[in-house]
Amino acid sequence: MALYSEKVMDHFRNPRNVGVIADADAVGEVGNAKCGDIMKMYLKIQDDKIADVKFETFGCGSAIASSSMATELIKGQPLSQALKLTNQAVTEALDGLPAHKLHCSVLAEEAIKSAVKDYYDRHGIAYDPALFAGVEDCAHCGEGA
Ligand code: FES
């Protein structure tokens, strides 16, 4: 069996929603302290829904495929729904990742959470900090910026 599924290869070769939203309503950035990979997620929000999303990933193929799939899964969704997106859901949508690459999909989940947190912070929207537990932005791990 091939190491990577066809879906992983497709999203790696033709990633969806790559780029920057210059007037984004929220930006999330996370880094993996071990491998040094960085993911940045831009959101445009309308009526509490993700009207547009783009990403930049400086990282491995699995991280690029994971970000691409994650953006497809949250586009058009309410913020509350996007917050529920797990790395397992991203991995399943990609028809799996090798075990040693599962952490790459975690980066996608955390980048979305980091962006939603940024939106809440910018708008003074109260939230349960537990929602964002474990989401380390690049300022914390020192790998970004
Ligand atoms: Fe770092 Fe994949 S090896 S995110």
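Because the structure is a prediction, the values reported are computed rather than measured. (Residues numbered from 1 in each chain as written. Predicted model: local features only at pLDDT ≥ 70, side-chain atom pairs only at ≥ 80, totals over all residues. Heavy atoms only, no water.)

Description of the pattern of salt bridges
Any two side chains of opposite charge can pair if their charged atoms end up close together.
Next up, step 1: Within this structure, the stated rule accounts for 9 salt bridges.
Next up, step 2: With a shortest N-O distance of 3.9 Å, Lys-7 and Asp-95 are connected by a salt bridge. Taken as a pair, Lys-7 in helix α1 (residues 6-13) and Asp-95 in the loop between α4 (87-93) and α5 (102-122) lie far apart in primary sequence, 88 residues in all.
Next up, step 3: Where salt bridges share partners, they join Asp-23, Asp-25 and Lys-44 into one cluster. (Salt bridge = Lys/Arg side-chain N within 4 Å of Asp/Glu carboxyl O. Helix = DSSP H or I, 4+ residues; strand = E, 2+ residues; numbered from the N terminus.)

Comments concerning the packing of aromatic side chains
Next up, step 1: Scanning the entire structure with this criterion turns up 3 aromatic pairs.
Next up, step 2: Feature note: the residues Tyr-120, Tyr-127 and Phe-132 constitute an aromatic cluster, connected by ring pairs. (Phe/Tyr/Trp six-rings, centres within 6.5 Å; stacked < 30°, edge-to-face > 60°.)

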